[in-house]
Amino acid sequence: MTVVRTRVLYSGRVQGVGFRWRSLEALRDLALRGFVRNLHDGRVELLLQDEDGRVDEALGRIERELGGLIRGTERRDEDPGEDPGPFRIER
């Protein structure tokens, strides 16, 4: 299976509303690698590295669960890098 690495920047009402925690809960059973964290400019960054199908499934879950808070999405696929560790909230 193909390993992919995807970085997504979400804008909108994404800080101070439990976005990171709800992302963690929504993706817990997928056992992904990566993190979700707040950025200083008010956006939230999500980094996922895993098998191709699970990353797409994860992003679909985020959209379904949190889409009402999201006003903009910037997705950038990257070459797989160093293992970012188990999916977690970074501060």
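Residues numbered from 1 in each chain as written. Predicted model: local features only at pLDDT ≥ 70, side-chain atom pairs only at ≥ 80, totals over all residues. Heavy atoms only, no water.

(A) Expanded view of the overall build of the chain. From N to C terminus, the chain includes 2 helices and 5 strands. Starting at the N terminus, the α and β elements of the chain follow one another as β-α-β-β-α-β-β. For the chain, with 91 residues in total, the buried portion stands at 43%. Partitioning the contacts of the chain with sequence separation of at least 6, the portion at a separation of at least 24 is 79%. A total of about 5,300 Å² of accessible surface is found on the chain, and carbon and sulfur atoms cover 45% of it. In the chain, 17 side chains carry a positive charge and 18 a negative one; their mean positions are 6 Å apart. (Helix = DSSP H or I, 4+ residues; strand = E, 2+ residues; numbered from the N terminus. Buried < 20%, exposed > 50% of the residue type's maximum accessible area, 1.4 Å probe, protein only. Contact = heavy atoms within 4.5 Å. Areas by Shrake-Rupley, 256 points an atom, 1.4 Å probe, with all protein chains shown as cover. Lys, Arg positive; Asp, Glu negative; His and termini not counted. Charge placed at Lys NZ, Arg CZ, Asp CG, Glu CD.)

(B) Spatial organisation of the pairing of strand β2 (residues 33-38). Sheet topology note: the β2/strand β3 (residues 44-51) ladder contains 6 bridges and is antiparallel. In the sheet register, R33 faces β3, and the bridge partner there is Q49. Connecting β2 to the next strand, β3, in antiparallel fashion are 5 residues, including G42 with a positive phi near 95 degrees. Direction of pairing for β2 relative to strand β5 (residues 88-89): parallel, over a ladder of 2 bridges. Bridging from a neighbouring strand, V36 pairs with I89 of β5. (Pairing = 2+ DSSP bridges.)

(C) Spatial organisation of unusual backbone geometry. Phi angles above zero are rare outside glycine, and A31 is one such case at about 55 degrees. Counting through the fold element by element, A31 comes out in the loop between α1 (19-27) and β2.

(D) Looking closely at the packing of aromatic side chains. Counted under the stated rule, the structure contains 1 aromatic pair. Their ring planes at 50 degrees and their centres at 5.5 Å tell us that Y10 and F19 sit as a pair that is tilted. Judged by its relative accessible area of 1%, F19 is buried. (Phe/Tyr/Trp six-rings, centres within 6.5 Å; stacked < 30°, edge-to-face > 60°.)

(E) Structural view of the sheet that holds strand β1 (residues 3-12). Read across the open sheet, the 5 strands follow the order β4-β1-β3-β2-β5; overall the sheet is mixed. Single-partner strands in this sheet number two, and they are β4 (70-78) and β5. Each of β1, β3 and β4 is contacted by helix α2 (residues 52-66), which is oriented at about 145 degrees to β3, the strand it contacts most. (Axes fitted to C-alpha atoms, helices over the stretch in contact; angles between N-to-C directions.)

(F) Region of interest: the nonpolar core. Y10, F19, L27, L46, L48, I62 and F87 are the most contacted members of the largest nonpolar core, which has 23 residues in total. Counting only elements with at least two residues in this core, the list comes to β1, α1, β3 and α2. Counting residues per element, this core draws most heavily on α2, at 5 residues. Those residues in contact with L27, other than ones at most four positions away along the chain, are L32, L48, A58, R61, I62 and F87. (Core = buried A, V, L, I, M, F, W, Y, C linked by side-chain atoms within 4.5 Å.)

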